[in-house]
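# Inside the fold
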Amino acid sequence: MMKVDITGVRAHIAVHFGLEGSVLQGTIQASAPKVETNYEIESPDDPERVAAVLRNARNGCWVRAAVANPTPFEDKSTLNGEPIFFD
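## Quick notes on the overall build of the chain
- In terms of helices and strands, the chain carries two helices and four strands.
- Each helix (α) and strand (β) of the chain, taken in turn from the N terminus, gives the series β-β-α-α-β-β.
- Here the C-alpha radius of gyration of the chain, 20 Å, is well above what a compact globule of 87 residues would show, namely 12 Å.
- For the chain, the spread of C-alpha atoms along the three principal axes comes to 60 × 30 × 20 Å.

See the structure below:
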């Protein structure tokens, strides 16, 4: 859309995961305290135009938005066709 010439991209993404508690005791808690991204971009275009593309990509990413902003989950489960509730 922005007609910026990007000739190459190399990406490295690392997600740091944590896990605490016990499955058997029902105290298991997962976490993802940090997500790291590193992009190496090649482009003959003006650096400000390339930065604008990156800014738009970041701001338009649904996954990034869901991770960065509190996103409520609506959990519904059934057991043998009947609703099952858990905390």
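## Remarks on the pattern of salt bridges
- Summed over all chains, the structure comprises one salt bridge.
- R49 is the partner of D45 in a salt bridge, and the nearest nitrogen-oxygen pair spans 3.4 Å.

## Description of the environment of G60
- Locating G60 in the fold gives a position in the loop between α1 (47–59) and α2 (62–68).
- Overall, G60 belongs to the partly exposed group, its relative accessible area being 46%.

## What to know about a nonpolar patch on the surface
- A contiguous nonpolar surface patch, about 880 Å² in accessible area, is contributed by I6, V9, I13, V15, F17, V35, Y39, V63 and V67.
- When residues in the nonpolar patch are grouped by element, the largest group, four residues, is from strand β1 (residues 8–20).

## Examining unusual backbone geometry
- Residues other than glycine seldom take positive phi values, yet K3 does so here, at roughly 55 degrees.
- Relative to the elements of secondary structure, K3 occurs in the segment before β1.
- Of note, the phi angle at N80 is positive, near 55 degrees, even though the residue is not glycine.
- By secondary structure assignment, the location of N80 is in the loop between β3 (77–79) and β4 (82–84).
- Owing to a relative accessible area of 75%, N80 belongs among the exposed residues under this scheme.

Conventions we followed
Residues numbered from 1 in each chain as written. Predicted model: local features only at pLDDT ≥ 70, side-chain atom pairs only at ≥ 80, totals over all residues. Heavy atoms only, no water. Helix = DSSP H or I, 4+ residues; strand = E, 2+ residues; numbered from the N terminus. Rg over C-alpha atoms; globule rule 2.2 N^0.38 Å. Salt bridge = Lys/Arg side-chain N within 4 Å of Asp/Glu carboxyl O. Buried < 20%, exposed > 50% of the residue type's maximum accessible area, 1.4 Å probe, protein only. Patch = residues over 30% accessible without salt bridge, like charges linked within 9 Å, V, L, I, M, F, W, Y side chains within 5 Å. Areas by Shrake-Rupley, 256 points an atom, 1.4 Å probe, with all protein chains shown as cover.

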